[in-house]
Amino acid sequence: GGDAPEAKRLLLRAAAGYERTTYPAIRRRYVATRLARLYRQPKNFHEAALESWRKRALQWTDEALRDGSYQPGESRLVLEHLSQNWDACFEAHQDELVKILQGVPGLDPWIADCVAGWIHIDKAWDARGSGWASEVTPEGWKGFSEHLQQAREALTRAWKAHPDRPEPASSMIKVVMGGGGARGETERLWFDRAVKAQFDFLPAYQGYAYAMLPRWGGSSEIQ
């Protein structure tokens, strides 16, 4: 509620308390991600504390995937929890997260493919930069294209494994928007696939609306 010192006091007390309990790791992970968000805020920023809680969030995510915190069939819930804490915790430790997801016995590989797709999309735009196309270096275009291709491979694999789940199709909208789709693929194709899986999946609508901006080949009339 805007009272950062009180939030920090309560969360640190909760973290210490969980160390003495047998609650599943998903509970400890929740405290770690909340503290990472707190220490990431500009007015509360503390680099060492942020990194410490990010690492604990990774550790407890690994444990939560192994200790029964998640039940069979809850792959979408796992992905949602990773998505909710992406900026605060996991974006800074992408490779470690993928290693965790790939190392958990029996974990649905769909999760790792979706996360790999997100990571390669991020890396593609990091390589390109946010400037005008005329400002992008040859090396930037090369990295942009390579990472979009890797994103496409991972997300297409995830979509084929579970076409009844909207997340990979929704993420593919941004891949195609950047020119990383296969021949004949359009943003609308992947939007339709996403909403066929779940009609009210809001990120698909947001992604498609953005892809229809004039700067990406759409028009103000469509908007």
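Preceding this section is the structure that the text describes.
Residues numbered from 1 in each chain as written. Predicted model: local features only at pLDDT ≥ 70, side-chain atom pairs only at ≥ 80, totals over all residues. Heavy atoms only, no water.

Right, let's talk about the nonpolar core for a bit. Counting residues in each nonpolar core, the largest one holds 41 residues, and the members touching the most others are W53, L65, L82, L97, L101, I111 and V115. Of all the elements, helix α2 (residues 25–40) adds the most residues to this core, at eight residues. The contacts of L97, once residues within four sequence positions are left out, are L58, L82, W86, F90 and V115. Counting 24 residues, the second largest nonpolar core, distinct from the first, contains I173, W190, A194 and F201. (Core = buried A, V, L, I, M, F, W, Y, C linked by side-chain atoms within 4.5 Å. Buried < 20%, exposed > 50% of the residue type's maximum accessible area, 1.4 Å probe, protein only. Helix = DSSP H or I, 4+ residues; strand = E, 2+ residues; numbered from the N terminus. Contact = heavy atoms within 4.5 Å.)

Take the side chain of H81 next. Looking at where H81 falls in the secondary structure, it is placed in helix α4 (residues 75–84). Accessibility expressed as a relative area gives 18% for H81, which makes it buried. Side chain to side chain, H81 and Y70 meet in a polar contact 2.8 Å long. (Polar contact = N/O pair within 3.5 Å; in protein donor to acceptor, adjacent residues only side chain to side chain.)

The subject of this paragraph is the layout of surface pockets. Size it by volume and the largest pocket reaches roughly 820 Å³. As for the largest pocket, its lining consists of 27 residues, of which W118, I121, S171, K174 and P203 are closest to the centre. Put simply, the parts of the chain that give the lining of the largest pocket at least two residues each are α4, α5 (86–90), α7 (109–128), α9 (167–177) and α11 (202–211). With six residues, the single largest contributor to the lining of the largest pocket is α9. (1 Å grid on protein atoms, 1.4 Å probe; cavity = no way out; pocket = protein on both sides within 12 Å on 5 of 7 lines; lining within 4 Å. Points joined across faces, edges and corners; volume = space filled by probe spheres on them.)

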